[in-house]
Structure formats: C-alpha cells, structure tokens
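# Report on the structure
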Amino acid sequence: MKNKFCKVIMCMTMVVVALSLSGCEDEDSWFSDIPGRWQLVEIDGRYVDEWDCDYYTFYSDGTGYYTYYDRYGYAYDEDFYWEERTGGRLYITYYDPSWGSVMCYFRTDGRYMDFSETPSFYHYTTYIRL
C-alpha cells in the first residue's frame, strides 16, 4: 500500500513539474522591441522634415497613442490598442471607431522600426526610437 501511494505521489509530482515548466516557457521567451516612443524619419527611403513628422507611443500593456500635427501646428493624439503577432505583423485598433483598425508588417533593430503594408517592404515608413 505504501509503495502504491509513493508511485501516485511521484506521478503527480512529475505532472506538476511538467506543467509548470511548459507554462513558464511562453512567458519567459516573449519579448518585444516595440514599446517606446517612435518618430517618423523616412518614407520609402526619403527623409521627412521635422514639421511633417508623426509619432507612435507603444506601452508594454498593449496600449498606446498616435500623435500627429495639423497644418497649423496643433498636435492631436489618437489612443489605440496594439498587438504583435507572428510573421512580423502588428495590429492597431484605435479607440475612436472612425479610425478603425490597421494591420501592417514591421521590422526593427531596436533603434529603427519600419512599417509596411506588404511583407516585402517595397513601400515602407521608418521610425526612430526617441
């Protein structure tokens, strides 16, 4: 009886260890270079003047805001939710439904980030981390 009880406890311990190890793997291996404030610097390789720049601010909790300026120099912010997905895809859903949702491809080296509508990055915008 004691031997049977020890086997049951050993099996339960192995299951708990296996589940806890597999549960940590996803949490520890995920890291994103996206959170931070980003300023537009290029469109298709052409420099953008400072007064034509816009900004994205991404928070690690999946929220952020887009800042742009009108022709009079007034700044406006549009809040959004964001989600990074496999294949270098970024989904942005604005709080204001009239702005809708956007999906783009991105690539980053931590200092610069490119956005594109296609995975080939034939047309792209480049942002620099501030």
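Here we summarise the structure given alongside this text. (Residues numbered from 1 in each chain as written. Predicted model: local features only at pLDDT ≥ 70, side-chain atom pairs only at ≥ 80, totals over all residues. Heavy atoms only, no water.)

## Examining the packing of aromatic side chains
As a reminder of what qualifies: Only centres within 6.5 Å qualify two rings of Phe, Tyr or Trp (six-membered ring in Trp) as a pair; their planes then separate them into stacked at under 30 degrees, edge-to-face at over 60, and tilted for everything else. Helix and strand assignments come from DSSP, with helices taken as H or I runs of at least 4 residues and strands as E runs of at least 2, each series counted from the N terminus. Each residue gets one of three labels from its accessible area relative to the maximum for its type: buried under 20%, exposed over 50%, partly exposed in between, using a 1.4 Å probe on protein chains only. In this scheme, the term charge over a ring applies when either NZ of a lysine or CZ of an arginine sits within 6 Å of the ring centre and within 35 degrees of the ring normal.
Going through the model one piece at a time under the given rule, you end up with 17 aromatic pairs. Between phenylalanine 58 and tryptophan 82 the ring centres are 5.5 Å apart and the planes differ by 85°, which places this aromatic pair in the edge-to-face class. Here phenylalanine 58 is found in strand E3 (residues 55-58), whereas its partner tryptophan 82 is found in strand E5 (residues 75-85), with 24 residues between them in sequence. Pair check on accessibility: phenylalanine 58 and tryptophan 82 agree, each one buried. One aromatic cluster is present, built from ring pairs that chain together Tyr56, Phe58, Tyr66, Tyr68, Tyr76, Phe80, Trp82, Tyr94, Trp99, Phe115 and Tyr127. When the ring centre of tyrosine 91 is taken as origin, the NZ or CZ atom of arginine 85, which lies over that ring, is 3.9 Å away. Just above the ring of phenylalanine 121 sits the side chain of arginine 107; from NZ or CZ to the centre is 4.0 Å.

## Thoughts on the pattern of salt bridges
Condition: The term salt bridge refers to a side-chain nitrogen of Lys or Arg lying within 4 Å of a carboxyl oxygen of Asp or Glu.
Scanning the model with the defined rule gives two salt bridges in all. Between arginine 85 and glutamate 83 there is a salt bridge, and its shortest N-O distance comes to 3.3 Å. Notably, a salt bridge pairs arginine 107 with aspartate 114, separated by 2.9 Å at the nearest N-O pair.

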